Amino acid sequence: MTENTLDPADWRALRGQGHRMLDDMLDYIEHIRERPVWQPIPRQRRAAFGKPLPEAPTDLAAVHQSFMQDILPYTVGNTHPGFMGWVHGGGSPVGMLAEMLAAGLNANLGGRDQMPIEVEREVVHWVRDLFGFPESASGLFVTGTSMANFISLLVARTAVLGIGVRQEGLAAGDKRLVAYTSAGAHGCIAQAMDLSGLGAGALRVIPVDEHYAMDLAALEAAIQADRRAGLTPFFIAGTAGTVDTGAIDDLEALANIAQAQGLWFHVDGAYGALGILSPDIAPRLRGIERADSLAFDFHKWGQVPYDAGFVLIRDSALHLATFSSPASYLKRDTRGLAAGSPWPCDFGPDLSRSFRALKAWFTLKVYGTKKLGEIISRTCTLAQQMQSRIEAEPQLELLAPVSLNIVCFRYRCDNADAINTRIVSALQESGVSAPSSTLIHDQVAIRAAIVNHRTELIDIDTLLKAVIELGDQLSQAIPRSKTA
Ligand SMILES: *Cc1c(COP(=O)(O)O)cnc(C)c1O
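Remember, predicted model here, so these are calculated numbers, not experimental data.

### A look at unusual backbone geometry
A cis geometry characterises the amide bond from Y306 onward to D307, with omega recorded as -15°. Between S341 and P342 the backbone carries a cis peptide bond, its omega angle lying at 0°. Positionally, P342 belongs in the loop between α11 (316-323) and α12 (356-392). The backbone phi angle of N415 is positive, close to 50°, even though this residue is not glycine. Following the sequence through the fold, N415 ends up in the loop between β10 (406-411) and α13 (416-430). Residue N415 is classed as partly exposed on the basis of its relative accessible area of 23%. Backbone geometry at D442 places phi at a positive 65°, although glycine is not the residue there.

This is the structure in structure tokens:
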């Protein structure tokens, strides 16, 4: 290091070290299949991370060594083709390289006149086109769909209460707002109600039908009942790809109900919305183009590295009115660095913002939407193949219809809940495969969400074979009476 800055005194040495770090990560991704999906963190490794704040410097190569030895082997494993837990994207080498470029620029995308913001605006433009939104719609990169749902709800709150709510708060109004979502919706919808001050108790959880989509008759009945009770229905959150089963609500019907009732129509498309890139799935998302707001993640099916959530709002004026603020240090101009208003910081609560747009922009440009759509289709084909194999295997049982890329099933046995819970933990610890678990009709299900572009049929077969082997072992090892 030089005496006065954080830059190296010897750039050549840093360059060499940097290339080694880059090579290590490329090696890691190239050979990811040879690694365990996940492995428990050994106790002494975890314990090594309680050290005091370092006052003195450490050589970069030594810190990198510690990364390679102590951090890299002990991640969740979502880059691995055998990872099928929750809904995690696989990332890509292109996304990784774009992240490096973005970090080099150290751009702050809150605002000001700079080309990185034009990159974000170009992606906003692409997203608008993709989802059939008007050119006047606004969009913003955010951390993830949890934040995107929250922002959407706040804009909807402005729509119904007016911008006065920003100054006076909810207490000033006399309306009791209520919102609607399905029993399959993600927990962050209730969280958004909580954070917005409307209260999670003002969210009506509508039951699902046999396809795990929102029951439309129940929704309409709930809206009527709330109106009769003097409440103000204002927001419907449909889901495009529920987290448990991948169900898609009937978005067209929800749009009709919202329109007839004068409610805001939001779509949580966290992972499913990008299914629009796949010709097989796009028709099932019909109605998404009528949403008032849409939340989704590039970091799930889009394979962009974390984090890369996105919010799209039909009425940009309302979006702006919800978040813009007149702080003098953020004063705008028509020339110089302060030009280019409105800025991204006018559309959300974040002022300092990273250049998330770059990794999405690289991913879309380098791979193209056709290829990304094929990847998405392929994960659904794999789920169908997995379903067929489960149906053909007497020891296994399918627990929910396969709607997209998520398969919920279990090993048939006595004490099935206990045994299947153990199968999932044992599988994860084996390093061979990593599904997660969920409850389907109060039954423990092994849940495989095929999101990663690297996953192949062999990974499905490996998972099913391991489930049967573990199921056989565990159901023999644990006699019925001991686990009741
Ligand atoms: C993943 C997910 C979320 C949460 O998104 P984050 O990006 O993790 O904040 C919300 N809704 C659904 C349907 C999801 O699958």
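Back to the write-up after that little detour.
### So, the site of the ligand
Within the structure, the ligand sits among G144, T145, S146, H186, C188, G241, V243, D268, A270, D297, H299 and K300. Residue D268 places a side-chain N or O atom 2.7 Å away from a nitrogen atom belonging to the ligand. Between the ligand and D297, the relevant distance is 2.6 Å, taken from an oxygen atom to a side-chain nitrogen or oxygen of the residue. Compared with its free state, where it exposes 380 Å², the ligand has 85% of that area covered by protein.

### Thoughts on the sheet that holds strand β4 (residues 203-206)
Strand order across the open sheet formed by 7 strands is β2-β8-β7-β6-β5-β3-β4, with mixed pairing between neighbours. For this open sheet the edge positions go to β2 (138-142) and β4, each flanked by a neighbour on one side alone. Here the strands of the sheet are splayed against their neighbours by 20° on average, with no regard to which way each runs.

### Comments concerning the environment of L105
With respect to the helices and strands, L105 occurs in helix α4 (residues 93-105). In the structure, L105 is positioned 305 residues away from R410 in sequence and 48 Å away in space, judged by C-alpha atoms.

### Details of the sheet that holds strand β12 (residues 443-449)
Pairing is mixed in the open sheet, where 5 strands are placed in the order β1-β11-β12-β10-β9. Every other strand in the sheet has two partners, leaving β1 (83-84) and β9 (396-398) as the edge strands with one partner each. The pairing of β10 with β12 spans 4 bridges and is antiparallel. Each residue of the ladder has a partner; that of I406, found in β12, is A449. Those strands touched by helix α14 (residues 457-477) are β1, β9, β10, β11 (434-440) and β12, and its axis lies near 25° from that of β10.

### Here we look at the pairing of β12
Taken across its 7 residues, β12 has 6 buried, putting it largely inside the fold. The sheet contact formed by β11 and β12 spans 5 bridges and is antiparallel. Across the sheet, residue I440 finds its bridge partner in β12, namely Q443. Hairpin remark: β11 followed by β12, antiparallel, with 2 residues in the connecting loop; positive phi at H441, about 50°.

### Structural notes on the packing of helix α5 (residues 115-130) against α12
Where α5 contacts α12, the axes come no closer than 9 Å and their chain directions differ by 55°. As far as their axial angle goes, α12 and α5 are oblique. By crossing handedness, the relation of α5 to α12 is classed as left-handed. Taking contact as the criterion, the partners of V119, E120, E122, V123 and W126 in α5 are, on α12, A357, L358, W361, L364 and K365. Looking at the contact of α5 with α12, its residues break down into 7 nonpolar, no polar and 3 charged.

### Concerning the domain arrangement of the protein chain
A common way to report how large an interface is uses the accessible area buried once the components associate. Domain parsing of the protein chain yields domain 1 (13-38 + 75-90 + 368-484) and domain 2 (108-354). Centre-to-centre separation of domain 1 and domain 2, based on C-alpha positions: 31 Å. Taken together, the contact between domain 1 and domain 2 spans 30 residues of the former and 25 residues of the latter. Both faces considered, domain 1 and domain 2 share a buried interface measuring about 2000 Å² in area, 59% of it formed by carbon and sulfur atoms. Ranking the residues of domain 1 by area buried against domain 2 places V87, I376 and L404 at the top, with a combined share of 30%. Applying the counting rule to domain 1 against domain 2 returns 14 residue pairs in polar contact (both at pLDDT 80 or more). Contributing elements (two or more residues each) for the side of domain 1 that touches domain 2: α12, β10 and β11. It is α12 that provides the largest number of residues to the side of domain 1 that touches domain 2, a total of 8 residues.

Rules and cut-offs
- Residues numbered from 1 in each chain as written.
- Predicted model: local features only at pLDDT ≥ 70, side-chain atom pairs only at ≥ 80, totals over all residues.
- Heavy atoms only, no water.
- Helix = DSSP H or I, 4+ residues; strand = E, 2+ residues; numbered from the N terminus.
- Buried < 20%, exposed > 50% of the residue type's maximum accessible area, 1.4 Å probe, protein only.
- Near = heavy atom within 4 Å.
- Polar contact = N/O pair within 3.5 Å; in protein donor to acceptor, adjacent residues only side chain to side chain.
- Areas by Shrake-Rupley, 256 points an atom, 1.4 Å probe, with all protein chains shown as cover.
- Pairing = 2+ DSSP bridges.
- Axes fitted to C-alpha atoms, helices over the stretch in contact; angles between N-to-C directions.
- Contact = heavy atoms within 4.5 Å.
- Parallel < 35°, antiparallel > 145°, perpendicular 65-115°, else oblique.
- Left-handed = near helix turned anticlockwise from the far one by under 90°.
- Nonpolar A, V, L, I, M, F, W, Y, C, P; charged D, E, K, R; others polar.
- Domains from an automatic or database assignment.
- Buried area = accessible area lost by both parts, 1.4 Å probe.

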